[in-house]
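Given next are the chains, with one letter for each unit.
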Amino acid sequence: GGPAALARDLADRKVVISAGGTREPLDPVRYLGNRSSGKQGWALARVAAARGADVVLVAANVEAPAPFGVRVVAVETAEQLRTAMLAEAGAGGEARADVVVMSAAVADFRPAGVAATKLKKGSAGEPTAVELVRNPDVLTELVGERAPGQLVVGFAAETGDADADVLTHARAKLARKGCDLLVVNDVSAGQVFGRPDNAVVVLAADGPATEVPRGSKDAVAAGIWTAVAARLTPPGR
Ligand code: CTP
Ligand code: CA
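Small disclaimer: the values here were computed from a predicted structure and weren't measured.

A few words on the confidence of the model for the chain. Counting all residues, the mean pLDDT for the chain is 92, and 93% of those residues have values of 70 or more. Interface confidence for the predicted complex, expressed as ipTM, amounts to 0.99; the pTM equals 0.94.

Rendered as structure tokens:
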């Protein structure tokens, strides 16, 4: 009971959160990136720490200082994020995470090759196209390595289209990814990136959907953690 902001319902839990957006290098000075600000992931880390969790934040290209009491592991690429998340999630042993949250925007593709030197206008090898290869799906790998009792939480930004509405697309993604929970953002209006507020629906693989109403990213983070905490195995089991 009590106000969510004062709850200590994550005491003695280890949580690992990815946030931000990966950058995939083209040459020493250029990359393919995305517009994720990392703000929702930062809020998740801040709120989890305030509620008693031991928090590791795997941060892809976010400038913000580490939230109080949070250990930040800085990464740039999807491959680096993958390595850090798998290590921090800890398949076994003492360091195993209770909750793993993939809020980072991971590039689905990276340039097939990285030029060792800066690409130059007018040079012999002046590029006309960028060849891309698939990045690993970190969330799917985390699900594959999930330890007993560990919760794996994915994120999805979806739009409704001619085929299906947002929640139908999200249900399909949840099933495809195999994670326990999927936090769904409706981006149909195209106004989430960089905004201070947010609203989500938390979908559970076994059925229930929890609506977290529009509010600050801290308020939304609190709602997400309440939905996650309700599903944690009781301590000492
Ligand atoms: N994700 C991941 N590794 C990737 C791509 C995505 O771990 N290479 C994670 C994201 O962090 C997020 C979830 O998967 O938690 C859903 O990301 P999303 O881009 O919506 O899913 P995709 O499977 O890439 O589907 P889409 O083709 O719609 O982009
Ligand atoms: Ca994607």
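Below, the discussion takes up the pairing of strand S1 (residues 14-20). Where burial is concerned, most of S1 is hidden: seven out of the seven residues are buried. Bridge count between S1 and strand S4 (residues 54-60): seven bridges; the pairing is parallel. The partner of alanine 19 across the bridge, within S4, is alanine 59. Looking at chain direction, S1 and strand S6 (residues 99-102) are connected through four bridges and run parallel. Along S6, the bridge assignment pairs isoleucine 17 with valine 101.

Attention now goes to the nonpolar core. If you look at the biggest cluster of nonpolar residues, it comprises 37 residues, and the most contacted ones within it are Ile17, Val55, Val99, Ile224 and Trp225. Counting residues per element, this core draws most heavily on helix H5 (residues 217-229), at eight residues. Here tryptophan 225 is in contact with Leu10, Val15, Ile17, Leu44, Val47, Ala48, Arg51, Val99 and Val101, once residues within four sequence places are set aside. Residues Ala97, Val100, Val143 and Val152 belong to the second largest nonpolar core, which totals 28 residues.

The next subject is the coordination of the calcium ion (ligand 2). Donor atoms from the polypeptide that coordinate the calcium ion (ligand 2) comprise Asp108 (OD) and Asp108 (OD), at 2.4 to 2.6 Å from the metal. Within the secondary structure, aspartate 108 is located in the loop between S6 and strand S7 (109-111).

Let us look at the site of ligand 1. What surrounds ligand 1 is the set Met102, Ala104, Val106, Asp108, Pro136, Asp137, Val138, Leu139, Gly154, Phe155, Lys173 and Lys177. Note that an oxygen atom of ligand 1 is positioned 2.8 Å from one of the backbone N or O atoms of alanine 104. Leucine 139 places a main-chain nitrogen or oxygen 2.7 Å from an oxygen atom of ligand 1. When ligand 1 sits alone it has 570 Å² of accessible area, and the protein chains cover 75% of it. Counting atoms within 2 Å of the grid points, the majority share of ligand 1 lands in the largest pocket. Secondary structure elements with two or more residues in the shell around ligand 1: helix H3 (138-144), strand S9 (151-158) and helix H4 (166-177). Its residues placed into classes, the shell around ligand 1 shows seven nonpolar, one polar and four charged.

In this section: the packing of helix H1 (residues 39-50) against H5. Contact geometry of H1 with H5 gives a least axis separation of 8 Å together with a crossing angle of 60°. The orientation of H1 with respect to H5, classified from their angle, is oblique. H1 and H5 meet at a crossing whose hand is right-handed. Here H1 contributes Lys39, Gln40, Ala43, Leu44, Arg46, Val47 and Ala48 to the contact with H5, which in turn contributes Lys217, Asp218, Val220, Ala221, Ala222, Ile224 and Trp225. Residue composition of the contact of H1 with H5, by class: nine nonpolar, one polar and four charged.

Conventions and cut-offs
Residues numbered from 1 in each chain as written. Chains lettered and ligands numbered in written order. Predicted model: local features only at pLDDT ≥ 70, side-chain atom pairs only at ≥ 80, totals over all residues. Heavy atoms only, no water. pLDDT = per-residue confidence, 0-100. Buried < 20%, exposed > 50% of the residue type's maximum accessible area, 1.4 Å probe, protein only. Helix = DSSP H or I, 4+ residues; strand = E, 2+ residues; numbered from the N terminus. Pairing = 2+ DSSP bridges. Core = buried A, V, L, I, M, F, W, Y, C linked by side-chain atoms within 4.5 Å. Contact = heavy atoms within 4.5 Å. Donors = N, O, S within 2.8 Å, 3.2 Å for Na, K, Ca; no water. Near = heavy atom within 4 Å. Polar contact = N/O pair within 3.5 Å; in protein donor to acceptor, adjacent residues only side chain to side chain. Areas by Shrake-Rupley, 256 points an atom, 1.4 Å probe, with all protein chains shown as cover. 1 Å grid on protein atoms, 1.4 Å probe; cavity = no way out; pocket = protein on both sides within 12 Å on 5 of 7 lines; lining within 4 Å. Sits in = over half its atoms within 2 Å of the grid points. Nonpolar A, V, L, I, M, F, W, Y, C, P; charged D, E, K, R; others polar. Axes fitted to C-alpha atoms, helices over the stretch in contact; angles between N-to-C directions. Parallel < 35°, antiparallel > 145°, perpendicular 65-115°, else oblique. Left-handed = near helix turned anticlockwise from the far one by under 90°.

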